[in-house]
Amino acid sequence: MSAEQDVMFMRRAIELARKCPPSETAFSVGAVLVVDGVAIATGYSRETDAKVHAEESALNKLDPDDPRLATATIYSTLEPCSQRATASRPPCTDRILRAGIPRVVVAWREPATFVTNCVGLERLRQHGVEVVELPELAAEAMSMNRHLDLG
């Protein structure tokens, strides 16, 4: 993927994050799954239920054994979570690793608002996932979360 494509798909994820119903207890996040320059699934926080995360929502739209996931990039406006308040739902980092997605692009790292020490990007890197950060889009990706304490 080129840097221009990374910015284009992250901007699409930011548009999705703007669709999230506002919450005092969760971030508004958008996600886009891309293979060969084509979006194959999208998702955003609280899209299908009050607890669904953006990456989870996008992945839920595909068969877990979809062979395209092995070459996919997932764009998420926020660092994928490394732990969940809802114990019955695996963290998004676990879902990404289980899906075999080799590349993750994020706009900003999770602040300590809800989780003291999110280690999503570190866990992904430890498992050989290529992680790209786009800090130039962080302010835009955070904009719909300004009502929260972003510490």
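Details of the structure are given in the entry above.
Residues numbered from 1 in each chain as written. Predicted model: local features only at pLDDT ≥ 70, side-chain atom pairs only at ≥ 80, totals over all residues. Heavy atoms only, no water.

Participant: Before we move on, can you summarise the side chain of threonine 77 with the specific residues and values?
Facilitator: Along the chain, the position of threonine 77 falls in strand 3 (residues 73–78). A relative accessible area of 0% means that threonine 77 is categorised as buried. Apart from residues no more than four positions distant in its own chain, threonine 77 is found in contact with Met10, Ala13, Ile14, Ala17, Ser28, Val29, Gly30, Ala107, Trp108 and Ala141. (Helix = DSSP H or I, 4+ residues; strand = E, 2+ residues; numbered from the N terminus. Buried < 20%, exposed > 50% of the residue type's maximum accessible area, 1.4 Å probe, protein only. Contact = heavy atoms within 4.5 Å.)

Participant: Before we move on, can you summarise the pattern of salt bridges with the specific residues and values?
Facilitator: According to the stated counting rule, one finds 14 salt bridges in the structure shown. With a closest N to O distance of 2.5 Å, arginine 123 and aspartate 94 form a salt bridge. Taken as a pair, arginine 123 in helix 4 (residues 120–126) and aspartate 94 in helix 3 (residues 92–99) lie far apart in primary sequence, 29 residues in all. You can call aspartate 94 partly exposed: its relative accessible area is 25%. One salt bridge in this structure joins arginine 109 and glutamate 133, with 3.1 Å as the shortest N-O distance. Separated by 24 residues along the polypeptide, arginine 109 in the loop between strand 4 (103–108) and helix 4 and glutamate 133 in strand 5 (residues 130–133) bring together distant segments of the chain. Looking at arginine 109, the relative accessible area reads 33%, which means it is partly exposed. Here the salt bridges do not stand alone but share partners, grouping Asp49, Glu56, Arg84, Arg89 and Arg95 into one network. (Salt bridge = Lys/Arg side-chain N within 4 Å of Asp/Glu carboxyl O.)

Participant: Give a detailed account of the sheet that holds strand 5, specifying residues and quantitative values.
Facilitator: By definition, the strands of a sheet pair up through backbone hydrogen bonds, in either a parallel or an antiparallel sense. If you walk across this open sheet you meet the 5 strands as 2-1-3-4-5, and the pairing is mixed. Among the strands making up the open sheet, the edge pair consists of strand 2 (38–44) and strand 5. Ignoring strand direction, the axes of neighbouring strands in this sheet form an average angle of 20°. Note: strand 3 against strand 4, 5 bridges, orientation parallel. Paired with serine 76 across the bridge in strand 4 is valine 106. (Pairing = 2+ DSSP bridges. Axes fitted to C-alpha atoms, helices over the stretch in contact; angles between N-to-C directions.)

Participant: Just give me the short version of helix 1 (residues 3–17), but keep the residues and values in it.
Facilitator: In a regular helix each residue adds 1.5 Å, so 15 residues correspond to 21 Å; helix 1 covers 21 Å between its end C-alpha atoms and thus fits that length. Turning to helix 1, its buried residues are Asp6, Phe9, Met10, Ala13, Ile14, Leu16 and Ala17. Within helix 1, the buried residues cover an arc of 155° as seen down the axis, which keeps them to one side. Where helix 1 is buried, its residues contact strand 1 (30–35), strand 2, strand 3, strand 4, strand 5 and helix 5 (138–142). (Expected span 1.5 Å × (residues − 1). Arc of directions from axis to C-beta.)

Participant: For the pairing of strand 4, give the residues involved together with the corresponding values.
Facilitator: The buried fraction of strand 4 is high, at 6 of 6 residues. By the bridge criterion, 4 bridges tie strand 4 to strand 5 in an arrangement that is parallel. Bridge assignment links valine 104 to a residue of strand 5, and that residue is valine 131.

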